[in-house]
Amino acid sequence: MGGISVELSNFAEEILDEILEILWTKLEEGGQESVPRTDIVVGQGPVDEEAVAILADKGFLSITDDLVQLTDTGFEEARRTIRRHRLSERLFYDIFDVAAEEMEEVACRFEHIMIKPGLEEKICALLGHPRLCPHGRPIPVGDCCHRAETQIDQKVVPMSDLRQDEAGVIAYVSTGDSDKLKKLMAMGILPGEPVTLQRRYPSFVFTVGRSRFAVDQGMAEAIYVRRSDPVSS
């Protein structure tokens, strides 16, 4: 009985999130000022009036003459929902090699069931704080993205900028090449792992834990490291 109620709860949450995503896409990215109630259709429809009423009761929607808008609170909730969804797409596309035609459904289920605030930030860091989903649509920026930008100015640099024998901790991997990202992950290049650059020429030789690797300039530039001791200019 308990399991059934959990499944129903998850399903209901999926419907609510789907409606927020529809509204965000039409209002924020489509430039509409409001959305006709009849256009808020999840899947094959019809309009889920109960779900719309729940979102209105939560203070996420305002409805006037069957035209729906997001409130400020609803706008922020929709922004976070879109961010989770597009990060999920990025994760399954880049890391798990899920085919494009299957990615939407898989990412949708992962987004609703698995992604919690802490996990969302870890995934964002793992992916190098991506700005676009695999379809080329913008991923709303999170707090972790702002922190990463600040840290870049202070002490996070590409591994190719480290001096010989300099140590640090891997902050994230940033590359638009999914094959390169998979290769680095297979090597254990993950955020939080300690790293020491042992040699810069003819290739970049470094250690992560007890493992030792050699990569070319391009790979070294994709690995961002938080320096243990910032270098003074």
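Everything that follows concerns the structure shown earlier in this document.
Heads up: these notes are all about the structure in this document. (Residues numbered from 1 in each chain as written. Predicted model: local features only at pLDDT ≥ 70, side-chain atom pairs only at ≥ 80, totals over all residues. Heavy atoms only, no water.)

1. A word on the overall build of the protein
For the record, the criterion: In this text, helices come from DSSP runs of H or I with a minimum length of four residues, and strands from runs of E with a minimum of two, each type numbered from the N-terminal end. Between buried and exposed lies partly exposed: a residue is buried under 20% and exposed over 50% of the maximum accessible area for its type, with that area taken using a 1.4 Å probe on protein chains only. Only heavy atoms matter for contacts: two residues are in contact if any of them lie within 4.5 Å across the pair.
The number of helices and strands found in the protein is eight helices and nine strands. Among the 233 residues that make up the protein, the fraction classed as buried is 43%. Considering only contacts in the protein between residues 6 or more positions apart, those separated by 24 or more positions represent 64%.

2. As for the sheet that holds strand β1 (residues 35-36)
Inclusion rule: Being paired, for any two strands, means DSSP has found at least two bridges between them.
Read from one edge of the open sheet, three strands run β1-β3-β2, paired in antiparallel fashion. Edge positions in the open sheet fall to β1 and β2 (61-64), since each of these has one partner strand only. Here β2 pairs with strand β3 (residues 67-70) via four bridges, running antiparallel. Across the sheet, the residue bridging to Leu-61 is Leu-70, located in β3.

3. Concerning the nonpolar core
Let me state the cut-off plainly: Take the buried residues of types Ala, Val, Leu, Ile, Met, Phe, Trp, Tyr and Cys, join any two whose side-chain atoms come within 4.5 Å, and each joined set is a nonpolar core.
Grouped together as the largest cluster of nonpolar side chains are 35 residues, with contacts concentrated most on Met-159, Leu-184, Ile-189, Phe-206, Val-215 and Ile-223. Counting residues in each nonpolar core, the second largest holds 19 residues, with Trp-24, Val-35, Leu-55 and Leu-70 among its members.

4. Observations regarding the pattern of salt bridges
Worth spelling out the cut-off: Just to be clear on terms, a salt bridge is a Lys or Arg side-chain nitrogen sitting within 4 Å of an Asp or Glu carboxyl oxygen.
Tallying each qualifying case throughout the model produces 12 salt bridges. For Glu-29, the salt bridge identified is with Arg-86, shortest N-O distance 2.8 Å. You can see Glu-29 sitting in helix α1 (residues 2-29) and its partner Arg-86 sitting in helix α3 (residues 72-94), a full 57 residues away along the chain. Take Glu-29: its relative accessible area is 35%, and that puts it in the partly exposed class.

5. Let's talk about the packing of aromatic side chains
Heads up, the condition is: Any two rings among Phe, Tyr and Trp, with Trp reduced to its six-membered ring, count as a pair given centres within 6.5 Å; such a pair is stacked if its planes are under 30 degrees apart, edge-to-face if over 60, and tilted if neither.
Per the stated rule, a full pass over the model turns up three aromatic pairs. Seen in terms of ring centroids, Trp-24 and Phe-75 are 5.0 Å apart; in terms of plane orientation they differ by 40°. Their pairing is tilted. A residue pair is termed long-range when its members are at least 10 positions apart, and Trp-24 in helix α1 and Phe-75 in helix α3 qualify at 51 residues. A residue is classified by how much of its surface remains accessible, and Trp-24, at 6% relative accessible area, is buried. Overall, the relative accessible area of 32% leaves Phe-75 in the partly exposed class. Their ring planes at 40° and their centres at 5.6 Å tell us that Phe-206 and Phe-213 sit as a pair that is tilted. Relative accessible area serves as the criterion here: at 0%, Phe-206 is assigned to the buried category.

6. Let's talk about the layout of surface pockets
This is how it is decided: A 1.4 Å probe that fits but cannot get out identifies a cavity on a 1 Å grid over protein atoms alone, an open set with protein on both sides within 12 Å along at least five of seven lines counts as a pocket, and a residue lines either if it has an atom within 4 Å of a point. Grid points are joined across faces, edges and corners, and a volume is the space filled by probe spheres set on the points. Each residue gets one label: Ala, Val, Leu, Ile, Met, Phe, Trp, Tyr, Cys and Pro are nonpolar, Asp, Glu, Lys and Arg are charged, and the others, such as Gly, are polar.
Within this model, the second largest pocket holds a volume of roughly 290 Å³. Along the wall of the second largest pocket there are 17 residues; nearest its centre are Gly-128, His-129, Pro-130, Arg-131 and Ser-174. Secondary-structure elements contributing two or more residues to the lining of the second largest pocket are α3 and α6 (143-154). Its residues assigned to classes, the lining of the second largest pocket comprises eight nonpolar, five polar and four charged.

Function cannot be read off these values alone, since they describe shape.
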